[in-house]
Each structure stands twice: as C-alpha cells, then as structure tokens.
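Coordinate inspection notes
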Amino acid sequence: MSRVTPKSEGFFMPPEWAPHIRTWMMWPCRDGLWDDMQTAREAYRDVAHAIRAFEPLTMVVRPEDAAGARALLGSDIDLMESPIDDSWCRDAGPCFLTDGKGGRAGVSFRFNAWGGKYDPYDGDDAVADAILDAADVRSYASSLIAEGGGISVDGEGSVLTTRSCFPNANRNPDWTEAQIEAELKEMLGADKVIWLPGDSYDTETDGHVDGIAAFVAPGHVLMEGTGNPDHFMYEVNLANLEAMDQQTDAKGREIQITVIPDAETVESDSEKFCRSYVNSYLVNGGVIMPAYGIKEDALVRETFETLFPDREVAMVDIKAIAPGGGGIHCITQQEPAP
Amino acid sequence: MNVEQENVRDALAAGKSPGELGFFMPAETAPHACCWMAWAHDDHPEGWGKLLPDVQASMVDVATAISKFEPVRVVAQPEEVAKARAALPDTVEVIPLAQDDLWFRDTGPLFLSDGAGGQIGARMIFNSWGGKFPIWGDKTVAGDLIDHLGLPRFDSPLTGEGGGLHTDGAGTVITTETFLLNPNRNPGMTKKDVEEHLFHLMGARKVVWLPGDEEEWITDGHVDGILTFVAPGKVIVETNPDTTSERYDTTHENLRALEAQTDATGRSFEIAHVHEAYTVEPTSDAMATSYVNSYIA
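This one's a predicted model, so the numbers in the text were calculated from it and none came from an experiment.

**As for the interface of chain A and chain B**
- Across the contact, 17 residues belong to chain A and 16 residues belong to chain B.
- Taken together, the residues of the side of chain A that touches chain B sort by class into 8 nonpolar, 5 polar and 4 charged.

**So, helix α1 (residues 37-52) of chain A**
Residues and elements named next belong to chain A.
- Between the first and last C-alpha of α1 there are 22 Å, a value that for 16 residues agrees with the 22 Å anticipated at 1.5 Å per step.
- Listed in full, the buried residues belonging to α1 are Ala40, Arg41, Ala43, Tyr44, Arg45, Val47, Ala48, Ile51 and Arg52.
- Where α1 is buried, its residues meet β1 (20-26), β2 (57-61), α2 (66-73), β13 (281-283), β14 (286-291) and β15 (312-317).

**Regarding the sheet that holds strand β2 (residues 72-76) of chain B**
Residue and element names in this part refer to chain B.
- Strand order in the open sheet made by the 3 strands is β1-β2-β3, with parallel pairing throughout. Two strands lie at the open edges of the sheet, namely β1 (35-38) and β3 (93-96), each paired on one side alone. Across the sheet, the axes of successive neighbouring strands diverge by a mean angle of 30 degrees, strand direction being ignored.
- In this sheet, β2 lies alongside β1 in parallel orientation, the contact comprising 4 bridges. Note on β2: the bridge partner recorded for Met37 is Val74.
- Across the sheet, helix α2 (residues 52-67) is in contact with β1 and β2; its angle to β2 comes to roughly 150 degrees.

**As for the nonpolar core**
- Judged by nonpolar contacts, the single largest core of 158 residues is most densely connected at Met59, Leu188, Ala213 and Ile288 of chain A together with Val74 and Met202 of chain B.
- Examining the composition of this core, we find that 6 residues originate from one element, α1 of chain A, more than from any other.
- The residues contacting Met202 of chain B, other than those within four sequence positions of it, are Pro18, Phe24, Met25, Leu110, Leu112, Ala122, Thr167 and Val173 of chain B.

**Structural notes on the environment of Ile318 of chain A**
Residues and elements named next belong to chain A.
- Here Ile318 is to be found in the loop between β15 and β16 (333-336).
- The exposure class of Ile318 is buried, given the 26 C-beta atoms found within 10 Å.
- Measuring from C-alpha to C-alpha, the distance between Ile318 and Ala298 comes to 15 Å, with 20 residues separating the pair along the chain.
- Not counting residues within four places of it along the chain, the set of residues in contact with Ile318 comprises Ala43, Pro290, Gly327 and Ile328.

**What to know about the confidence of the model for chain B**
- When pLDDT is averaged along chain B, the result is 93, and 97% of the positions lie at 70 or above.
- In the predicted complex, the global pTM is 0.87; the interface-specific ipTM is 0.74.

**Here we look at α2 of chain B**
Residue and element names in this part refer to chain B.
- With 16 residues, α2 should cover 22 Å at 1.5 Å per step; its first-to-last C-alpha distance of 22 Å lies within 8% of that length.
- Buried within α2 we find Gln56, Ala63 and Ser67. Viewed end-on, α2 has its buried residues packed into an arc of 35 degrees, placing them on one side of the element. Opposite its buried face, α2 presents the exposed residues Asp54, Ala57, Asp61 and Ala65, each directed more than 90 degrees away.
- Buried positions along α2 lie against β1, β2 and α3 (81-87).

**So, unusual backbone geometry**
- Cis peptide bonds are those with omega within 30 degrees of zero, and the linkage from Asp119 of chain A to Pro120 of chain A qualifies with 0 degrees.
- Of note in this structure, Gln246 of chain A is not a glycine but carries a positive phi near 65 degrees.
- Notably, Ser128 of chain B is not glycine yet its phi reads approximately 55 degrees, a positive angle.
- Along the chain, Ser128 of chain B turns up in helix α5 (residues 128-131).

**Digging into the pairing of strand β12 (residues 270-275) of chain B**
All names here are of chain B.
- Taken together, the 6 bridges between strand β11 (residues 234-239) and β12 define a ladder with parallel strand orientation. In the sheet register, Glu238 faces β12, and the bridge partner there is Val274.
- With respect to chirality, the unit in which β11 leads through helix α9 (residues 246-259) into the neighbouring parallel β12 is right-handed.

**Some thoughts on the sheet that holds strand β12 (residues 256-260) of chain A**
All names here are of chain A.
- Read from one edge to the other, the open sheet built from 3 strands follows the order β10-β11-β12, with strand pairing classed as mixed. The strands lining the two open edges of the sheet, one partner per strand, are β10 (213-217) and β12. Neighbouring strand axes in the sheet, compared pairwise and without regard to direction, differ in orientation by 30 degrees on average.
- Two strands pair when backbone bridges link them, and strand β11 (residues 220-224) and β12 are joined in this way by 5 bridges, in the parallel orientation. Bridging across to β12, Met223 finds its partner in Val259.
- Contacting β10, β11 and β12, helix α7 (residues 234-244) runs over the sheet at an angle of about 165 degrees to β11.

Calculation rules
Residues numbered from 1 in each chain as written. Chains lettered and ligands numbered in written order. Predicted model: local features only at pLDDT ≥ 70, side-chain atom pairs only at ≥ 80, totals over all residues. Contact = placed C-beta atoms within 7 Å. Nonpolar A, V, L, I, M, F, W, Y, C, P; charged D, E, K, R; others polar. Helix = DSSP H or I, 4+ residues; strand = E, 2+ residues; numbered from the N terminus. Expected span 1.5 Å × (residues − 1). Buried ≥ 20, exposed ≤ 12 C-beta atoms within 10 Å, placed from the backbone. Pairing = 2+ DSSP bridges. Axes fitted to C-alpha atoms, helices over the stretch in contact; angles between N-to-C directions. Core = buried A, V, L, I, M, F, W, Y, C linked by C-beta atoms within 7 Å. pLDDT = per-residue confidence, 0-100. Arc of directions from axis to C-beta. Right-handed = clockwise from strand over helix to strand, strands pointing away.

And the structure:
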C-alpha cells in the first residue's frame, strides 16, 4: 500500500501540553440545544477569556452571528466566519499535526454529529478544512467518521480511544476495529492504540475518551475515579480503570494513573450534563478547568497544581455549558506550534 | 471620559486595534504625565528574601529621584500600601492594586496616544518572562491599572513585556528575536505575525529586529539592556569592550544588526556608544550591568 498519510510523511499529533499557537472555538448557534442561547454564549465567552489570558484564540462564528459575538467577546478574540451548525470544536474541528522539523498539517475526519444525533451537520463537517485553510496548513482527509474528543494522545506514539465510540454502527458500520486502529495510527502518526471500553450509556458522544481519560504526560493519564458503589457511573468508570490498569504505552512504559472524582453531586435537569473534570484543557502556561461550585472543585484543582507545577490553574463556571453535553475540552481545539 | 475616548472605546470593542485607530506608543523622550512604578514585597518563596529591605530602599531612592522631575505613582498590593506610603516621599502617590514585584516596565501597561489627547492603555499577556518563575501575582496588574484609570483598553495576543520594546514614537519599534520569537513567549509565531501584532498593539510601521541575547536567562535579551532611543533616528548602544568575554560577541552582533537596518523613515541610525558596566564583579547570575537601562524622566 502506498497511500500517502500523515504518518508516512512524518507527521504526528502533538500532545495538548506542547506549546500552542492558538486555540480555536466555535460560537453557540444550534437552535434548541440550549435552554437559553444567551447564557450559553456568555459561558463560552468566559471560557474564551480565560484561555485568552494565556494564548491567542479564534472563535468560528456563523456570519449572521458575527456582530453579536464581537459585542459579547470584546476585541481580544479573533473571529472567523463560517456556516457552522454547532459549537464543539474539539469534535468538528481538525486535529493539528506537526513533524518536529517545522512542518505543520492537520487531519480532517468525517463528521456526522456523533452518529447522526443532530441535523444538519454539513456545516460542521466542513469546518475542519475551513480552519486548516485559515491556519494555512495542509489537510489530510480521512474517510473515518471520528471526533477529536474521541482520542487522547501523548505525542510519543500512543492514542487512547474507546470501543463504544468510533466502532459504533452509528458512525463506522463497515469498519472493523482493526481497520479503525490502523486509520488512527496513520492519521495521528501513532504506533499504539489503547482501547478502553468507553461508555455505551452515554447518549451524546457514545463515550468519548475525553470525558473518561486524558494523557497529562508521557506514561501518565488522568482518569475519572469510580466514586462510591452507588454512583451511577461506578461500573462504567470501574471498567475503564480496569482496562487501563497495567497498560503500557507505545514506548513500552507502564502507564501511571491519577484518579479524580467527577462532579456527581451537581443537580441538573439535563441528562447529558457533563460532569467530567478530566474534560479540562491545557493552554500555554495554564490549565483551564471547570468550576461547578462543589467541594470537588478544590480537590481537582490541587491535583492539577500537582500535575502541572509550572502552570497556573484557572477555573471557569461551566454550568451553562455542561447541559449541552460537554465541557471545556469539548469546546476547544489547540493549534500547536511547529 | 470625553466623547472621543468613548468613541475609541467603542471602536476597540468592535475589533479595531490601537494601530488601526492611529494610536502609537510615544517615545520615552516625549513629555510624561507621570512615571508609574510598582512596590516590591515578598509573598512568594523565590522572591527577594533577605535582600528585600535593600530592594525597597533602592526603589524608594529611584522613585525619589524621578519625583524631582515628574509625578511618580506607585502601585502597591493593598496590604502593603501603608508600608509603601511610609517609605516613599509624600509627593509620590500610592495606588492600591493587586501586584507582586517591582518590574513595572515589564508588568505594567503600555500607554498609547493618538497625538491629539486620546489615550489607550494596552497590555500583552504576561507569563513571567517565558514562564521562568512560578509567580503569577503580576499577570493582571497591567489590565487592572488600565481599568482603574478608566482608559480604553487593548489586550494584545502577544506574550511579552514592555522592556523588550523600544520605540521612537514615530513608527519604529526595536525588539529582539530571543525575546518575542522565543517559543517560551509566542510559540509558532513568525516575524511577520509578530510585526503585525506590534502594529496593532503600538502603531509599529517598521520593526527593527536585533538578534538579542540567548545567554541572558531572565528576560531572554530585552532590548532595554541593549540600547535606548534618545531621539528619532538616534540611539545609544551598549557594548562590552572585553574581547575575551562572551558579552563582546553578543553586544557587537546586536550593534552590527542595528547598523545594517533603517528606521520607519528609511534613515540609518545615528549611534552613540557606551560600554556596559563590564568591570563590575557580578554578585548574582542575573545581575544587570547596563547603563542604557536608564530612565528618561
């Protein structure tokens, strides 16, 4: 096989903690998703401003929303107009790649709104290429239906993903797990895919790994703990923890696991309310984590401060974003420096 | 706040930049309304330690000297205001604002003018000189001061510090590669990206790049330890005359780079030369030996 892929040309996806040129986000716009669009936009603004204290940020907005976004975001956020359908840049946006020699590129997977859960999604399917075009980097197109939230990488050859997500018949019914694994390796420049069971009960993303586990350093992952046996996520989290136990990464290192709680006690009417602290986001010199106003906030903050002693931890209230089904990681996408 | 300032505020909110609105950072030699400084105190483990009383006394000496020429205003952490007030001359105003250390050239805002009475306060992202220190108390002080003064505010996406920028107030900005192009400040940005941001931030129409100083491990070669403008087209450049010193090569590379370039009006620089304090035995590996790091009040 002589297919030209990112891996065959020396590209790989750097880890989130590598230096960023900027962060990309997408401005809330899907009718019916949010109880109150204005409140959701204000929460996105708060996340954008928290990130912008550390690095540049571009917000992708529908053309008709540009003036309103400018008024709410202020002058410090760059805007890019594109006819998007929704606002989850981790999933609809590209995965940026570098080659370690100054070259940059990106992967554009196909996007079908998490297994066809929303409609339309053609605008979101096109946004990865629009972003790569704006960033002036080459786009590698993959025919796999996949979202950035479904993977976590260490930048040294390892990819975490879940069985409940990409192999799901709502995304890639004609692909075997082995074919998906091979495609992820080629597109992300990786050598080993670590499969976790995921979360089949998750009705929104079908168990994206970015709500379950995330690399925080080579050989080290941050994971959702089980909670008490009566916690509704106990069995799901336990299964993922057991699958990660004694895993080795692409370099043969045994993977160290740090466990944090989730925001179990937050009350919400939304079934898809995002309770994950793992779903935080690393920026240049900082960690942007959710604040739910519960005691676990402080405990998780301490964990991040221990994991990243050279970074400032910034907390953002996301109670107006979480009901939409995701957290800070879901609404951001890093553009790494070459 | 007059009508013009409100219009400026609206234009900034609509996405215009100071450069686009005709604002620029005046040269240090232009008349000053006042001089801003910051109080040194010690609430972090890697701070001044036993040196603190001497540092505070020296800072008071500098403030006192400047106050003979122009009003001096000092920002001080609210709990430190009383101490600062007692130590500083009565003519020096003390403004309570959350802050950390005394390097206000780097942690403070850039004050911009449109040459017709308009003012903008501008700031860059401050990350403790490339994330070298776990000291974050000064991350917000520039923005806080701009807001305290009620000025229209511009936040540049550049990460950096004021000490890395010199301007003639006429479109020329001199800076260094080891500072603004450093991956510890602006990863992935090209010279062209930085030049665009410097136009938007401070009206730069011509950016003069010097190589800087890779060995200078705190500021990564701020230009305010290399040269200073004394008039448009005229600079003082500092060199080390000891040919056996690494500083000889570094300082002369910067000099040669400057000699090969022109300012915003297309003229070569008229250069006056001084030697840095090269005969001083350093008492720390961060010791400044610069005379061009003076202040024109």
